[in-house]
Structure formats: C-alpha cells, structure tokens
Amino acid sequence: RPFHVEPTNIVSVNDDMQRVTDEASAMNKRIHYYSRLASPADRALIAPDHVLPAPDEIYVYSPLGTAFKVYSCTDGYGKNSSIVTIFMIWNTMMGTSILSIPWGIKQAGFTSGIILILLMGILTLYCCYRVVKSRKMIPLIDTSNWEFPDVCKYYFGSFGQWTSLLFSMVSLVGAMVVYWVLMSNFLFNTGKFIYNFVHDINVTDIVPGTNGSNKVICPGAASSHPPQNSSVMLSSGNNTGFEHFEEWWNKSQTVPFYLIAVLLPLLNLKSPSFFAKFNVLGTVSVVYLVFLVTVKAAHLGIHLEYNWFTESDFFVPEFRILFPQLTGVLTLAFFIHNCVITLLQSNRNQENNVRDLSIAYFLVGLTYLYVGVIIFASFPSPPLSKECIEQNFLDNFPSDDIMSFVARIFLLFQMMTVYPLLGYLARVQLLKQFFGNAYPSIFHVLVLNVAIVGAGVAMARFYPNIGGIIRYSGATCGLAFVFVYPSLIYVISLHRAGQLTWPALIIHIFIILLGLANLIAQFLL
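Residues numbered from 1 in each chain as written. Predicted model: local features only at pLDDT ≥ 70, side-chain atom pairs only at ≥ 80, totals over all residues. Heavy atoms only, no water.

**Observations regarding the overall build of the protein chain**
Looking only at helices and strands, the protein chain has 15 helices and four strands in total. Of all 525 residues assigned to the protein chain, the portion counted as buried reaches 55%. Within the protein chain, counting contacts between residues at least 6 apart in sequence, those at least 24 apart form 78% of the total. Of the roughly 23,300 Å² that the protein chain leaves accessible, carbon and sulfur atoms contribute 67%. (Helix = DSSP H or I, 4+ residues; strand = E, 2+ residues; numbered from the N terminus. Buried < 20%, exposed > 50% of the residue type's maximum accessible area, 1.4 Å probe, protein only. Contact = heavy atoms within 4.5 Å. Areas by Shrake-Rupley, 256 points an atom, 1.4 Å probe, with all protein chains shown as cover.)

**Remarks on unusual backbone geometry**
The omega torsion across S381 and P382 is -15°, close enough to zero to call that bond cis. With respect to the helices, strands and loops of the structure, P382 is situated in the loop between α11 (353-378) and α12 (402-435).

**With respect to a nonpolar patch on the surface**
Taken together, the side chains of I115, L119, I122, I302, L304, Y306, W308, F309 and F319 present a nonpolar region at the surface, about 950 Å² in accessible area. If you trace the backbone, I302 turns up in the loop between α8 (280-300) and α9 (324-333). (Patch = residues over 30% accessible without salt bridge, like charges linked within 9 Å, V, L, I, M, F, W, Y side chains within 5 Å. Salt bridge = Lys/Arg side-chain N within 4 Å of Asp/Glu carboxyl O.)

**As for the pattern of salt bridges**
Enumeration over the complete set of coordinates arrives at four salt bridges. In this structure, the salt-bridge partner of D401 is K296, at a minimum N-O distance of 2.6 Å. Of this pair, D401 sits in the loop between α11 and α12 while K296 sits in helix α8, and the two are 105 residues apart along the sequence. Salt-bridge contacts for R355 lead to D356; the nearest nitrogen and oxygen are separated by 3.0 Å. By relative accessible area, which is 43% here, R355 ends up partly exposed.

**Concerning the state of the cysteines**
A complete count under the given rule lists one disulfide for this structure. Disulfide partner of C218: C388, at an S-S distance of 2.0 Å. Looking down the S-S bond of the C218 and C388 bridge, the torsion is -80°, so its handedness is left-handed. With a gap of 170 residues between them, C218 in the loop between β3 (203-205) and β4 (231-233) and C388 in the loop between α11 and α12 connect regions that are remote in the sequence. Neither residue differs from the other here; C218 and C388 are each classed as buried. (Disulfide = S-S within 2.5 Å.)

**Observations regarding empty space enclosed by the protein**
Scanning all chains against the criterion turns up six cavities of 30 Å³ or more. Taken as a whole, the second largest cavity spans an internal volume of roughly 70 Å³. Of all the secondary-structure elements, those providing two or more residues to the lining of the second largest cavity are α8 and α11. When the residues that make up the lining of the second largest cavity are grouped by side-chain class, the tally is seven nonpolar, two polar and one charged. (1 Å grid on protein atoms, 1.4 Å probe; cavity = no way out; pocket = protein on both sides within 12 Å on 5 of 7 lines; lining within 4 Å. Points joined across faces, edges and corners; volume = space filled by probe spheres on them. Nonpolar A, V, L, I, M, F, W, Y, C, P; charged D, E, K, R; others polar.)

**As for the environment of F257**
Tracing the backbone through its elements, the reader meets F257 in helix α7 (residues 255-267). Sequence separation between F257 and S184 is 73 residues, and the spatial gap between their C-alpha atoms is 8.7 Å.

**Concerning the packing of aromatic side chains**
For the structure on display, the rule yields 22 aromatic pairs. A centroid spacing of 6.1 Å and a plane angle of 25° characterise the contact between Y306 and W308, whose relative ring orientation is stacked. Chaining the aromatic ring pairs together yields one cluster made of W146, Y154, Y155, F156 and Y485. Its end group placed over the ring of F376, K386 keeps NZ or CZ at 5.0 Å from the ring centre. Above the ring of Y472, the side-chain terminus of R471 is found at 4.6 Å from the ring centroid. (Phe/Tyr/Trp six-rings, centres within 6.5 Å; stacked < 30°, edge-to-face > 60°. Lys NZ or Arg CZ within 6 Å of the ring centre and 35° of its normal.)

**Quick word on the confidence of the model for the protein chain**
Of the residues in the protein chain, 80% have a pLDDT of 70 or more, and the chain-wide mean is 81. This stretch, residues 224-230, has a pLDDT under 50; its non-local contacts, to residues over four places away or in other chains, come to 14 contacts. Per-residue pLDDT stays below 50 along residues 232-236; that stretch engages in 14 contacts with residues further than four places along the chain or on separate chains. (pLDDT = per-residue confidence, 0-100.)

**A few points about the nonpolar core**
Judged by nonpolar contacts, the single largest core of 125 residues is most densely connected at L99, M183, F393, L394 and Y419. In terms of residues, this core owes the most to one element, helix α5 (residues 148-198), which gives 18 residues. Aside from chain neighbours lying at most four places away, what touches F393 is I98, L99, P102, L289, L292, V293, V371 and I375. Counting residues in each nonpolar core, the second largest holds seven residues, with I201, F242, F245 and V255 among its members. (Core = buried A, V, L, I, M, F, W, Y, C linked by side-chain atoms within 4.5 Å.)

**Section: α8**
Between its first and last C-alpha atoms α8 spans 30 Å; for 21 residues at 1.5 Å apiece the expected length is 30 Å, and the two agree. Just downstream of α8 lies G301, where phi reads positive at about 80°. (Expected span 1.5 Å × (residues − 1).)

**A closer look at the side chain of T367**
Within the fold, T367 resides in helix α11. Note on T367: relative accessible area 13%, which makes it buried.

**A few points about the side chain of K106**
With respect to the helices and strands, K106 occurs in helix α3 (residues 101-108). Those residues within four positions of K106 in sequence are excluded, and the remaining contacts are V316, R320, F376, K386, E387 and I389.

**Some words on the environment of I115**
Secondary-structure assignment places I115 in helix α4 (residues 110-134). On the basis of relative accessibility, which here comes to 38%, the residue I115 falls in the partly exposed class. Along the sequence, I115 and I105 sit ten residues apart, while their C-alpha atoms lie 9.9 Å from each other.

**Observations regarding the packing of α5 against helix α13 (residues 442-462)**
Following both chains from N to C, one finds α5 and α13 inclined at 50°, their axes separated by 8 Å at the closest point. With respect to each other, α5 and α13 are oriented oblique. In this structure, α5 meets α13 at a crossing whose hand is right-handed. On the side of α5, the interface is formed by M176, V177, W180, V181 and S184, while α13 contributes I452, V453, A455, G456, V457, M459 and A460. (Axes fitted to C-alpha atoms, helices over the stretch in contact; angles between N-to-C directions. Parallel < 35°, antiparallel > 145°, perpendicular 65-115°, else oblique. Left-handed = near helix turned anticlockwise from the far one by under 90°.)

**Here we look at the packing of α3 against α11**
At a minimum axis separation of 8 Å, α3 and α11 run at an interaxial angle of 65°. With respect to α11, the axis of α3 lies roughly perpendicular. Read as a crossing pair, α3 and α11 show a hand that is right-handed. For the pair formed by α3 and α11, the contact residues are I101, P102, I105 and K106 on the first element and Y368, V371, G372, V373, I375 and F376 on the second. Of the residues contributing to the contact of α3 with α11, the split by class is eight nonpolar, one polar and one charged.

So this is what it looks like as structure tokens:
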C-alpha cells in the first residue's frame, strides 16, 4: 500500500480546508457589508466578489467605512492578533476629546475628575460589552454581517432605524463641527507663527502669563469672550504691515472662512479613499501630544494644593458641581459603540474579545488620565490660576512655542485629511437613506456639504468652545448608543428568553437614567 493515507491525516486536511473556506466566507460577508456604505459608482471603496485579502495582509475597517492594510500581523487566514485588535480599538477611540480632558478635570475638580474618568470608563466599557453581545442574542437569524444599527432595527423596527441614523448623524456632524473649530484655531496660530518668523517680528500676547522659555498663558483672562488677536509688536519695523496682517488673519472672523476654499471642494469628491492613507497621522499626533505633555511637565514641575470644597485664588476645589461637563466630554471620549462589532470581527480568537476590549479601554483611560492629570498638575499655579486651563489645552501655550507649533501642524494636517472622510460617511448615511444613492446628484451633495460646513463656520465664528460642543454632542449620541439601546436590547432579550431578573432590570434602568441625567445636566450647568 505505497499510497496509503491515514484517515486521521485526511480529517486533518479536511479541517484545514474547511477553516480556510469559513474564513473566506466571513471575510466576504464583511466586505459586502461595508460595500453597502459606498455608492455603486465608487469602485475605490467596493471590493469585487473574487477579491480576498492575501494571507499576509488584512483589511482593517475603520468606522469611516474605509479599508487600510495591516501587514504581517495575521495568522495567515486574514485574522488579527490580539495586540493588533487592541491597538485598532485604542487608535479609533483616541480623538479630539483628549485636548479637552484637562479642562474637564478643572471643571469637575482634581479628585472627582480622576474618579469620574475611571467610573465613566468602566460604565461605557460595560455598555460596550452589551453591544458586542446584542447580536449574538438574536436567535435563528444569520447576523454575522450585522452592525449595531442593524440590531436596533431588529428590536425597534423603523423607529430604531431612524433614531440610530439621527444619533449617528449627531455624532458625525458634532465631530465635523469640532474639527472646523480646531482647524481654524490651529491654522490661525500656525499662520501667526510663520508670519512672525519670516518677518522677524517679536510679539507678546496681551494676556497674563509666566516668564521664561517655557511660557504658559491665560487667554481667558483677557476678556470673558474667546481670545482674538490680542497682541502687540515689541520690535521696530513696519507696524502698518503687522496691523494689516492682524486685520485679515483673525481667529474667528476670517480664518474659519479661509478653510472653505480648501475643504468644501474636497467634500464634494465622489471617492475620498485617498485620504484614508493618512489615518496613521492620528496615532502620530496622540503620541506626540503625550511627549509634549511629558516635556512640559518636566520643565514646569507639579503645582497642586488640596482644597476639598472651597475655592482659592489659584486653585479649584477637589469636588465641583460642574462635574457633568466632564462626564459629557467622557461620553464621547469613550465612544466606540457604533463600530465595535466590526473591529472585533477580525480578532483571531473570538473568545478573547472581552479581554482585548477591556485592555483597549484600560489603555484609552490611562492615556486620558495621563494627559489630563499631568497638564492639570503641572499648570503653574501661582502665578496663574487653575481656572485658566483652556478647553483646548494647547491654547495655554503661545503661538511662538516651538513644540506647540509642531503639535498644531500635525493635528491640522491630520484633521484636514479626516474631515472629508467624515463628510463622506455623513453623505452615505443620510442621502442613501432618503434617495437610495449616496451621490444622487452634485446639487444634493453640495446642499448637504454647504449645510455641514456652514454649521462649522458658524460655531467657529460665534461659539468656538470645543469642550462645550464635545460634551453636548457626546451626551446626545451617547444617550442612545451608550446608555439606552444597549440596556433596552439586553433587557428585552432576557425577557424573551425568560431569564430576566429584578436585579438585572433595576441595574439597566439605572444606567438609562444616568444617560438621561447626563444629557439634561449639560443644559443646566
């Protein structure tokens, strides 16, 4: 029997072939699901039926509906290792909220701020567990290519479908408005730095600040309104030219309008896939911010004084009634619930999803804690009050600060590449829902984009407070995707299975009430 093959070997080969077939089927389902987000004419974002990722690469799908390759990180069957899955979740959650965490801690008080970051991290993580489990609790239906909005539609019908669309649009448009305000800020400070450097002008801001090479300023002390071009030229030169520049280069009155010329045409492109290549800049920006915070703290030192309930001239109480402003920011800071199923689908070992999600949340919370605590603790009080901490902590460093200039350049370029992707997703979700086509005509797309850009310009002009915008949008979309829908779906599924208990019901009603109170408090404080 020269060609004898043991039966066990045949079984082993069949198992391997079945595994490859299953992996290919699962990958196809994911590809087809995300292809639904693209317009039929947009071939850049639609994978052909016969195309599958090669064994040495995978396609990681971001919440923006775009795909990018990660090489040498898979097990040969298109699956991620746990370390890649953890990094994907961390990278997706880290966003503009990190700039407002120090301000949020100041609003809540140092001690209560730390406690709230920990508690909100735990609470949003638990609700994220419920999102991950929600799809698996639906019996007798293939839900392998479902996302959380599909689950909402299954349980709540057209009401769930339309409300999930509404709150999804709130999160998207809110993010785009924050981006426009920040891009205006970063472009203003970058242009001011370059102009002063080219013309050899030494400028000092007319705001309180510290002396020395590591200067920290208090822009909010100049007036009750967001700071404008409050500066005076110290060196001799062409004063008329400098005043003319300041007239045409104003943070809220002119710069937000200049961005229209660059970004509005990009929003009207049918395919924004080119900009997905720059997503790595988000990671670089966060890493650089952590580096900047560390260096600044090393030079400034620690400035803390514990006043538990009473305010002083330079310090804030440890516990403040304004703490919901931090919880609103944190709701968006820990928000990943509308895309977490997708990010975990490509995990090699599905039994590790809970562990990997928990580690990712821990790392996100640790990053927020590090940046927030270090900025708050190192803020020089005295001579400045902790109340001077801005909603964007980079505003506490003057425009001629080299490290802050580099951070603003990184963030400006990163946001200008992400902004068209956010606009594309908003277009796909809204226009496809109403017209069945993500690009029904240039007129439809232009009207939508003008409305979105107009909202950003209006906010940058009249309400350039990113902390306020983040907490309002975070508490609004978080009410649905973080607190209400995950809890209601879990309770309904337990009830249908005959497993609902009073403790489970009470706990999840309490979570819903927390989300509602979080939203209401944003408008009262």
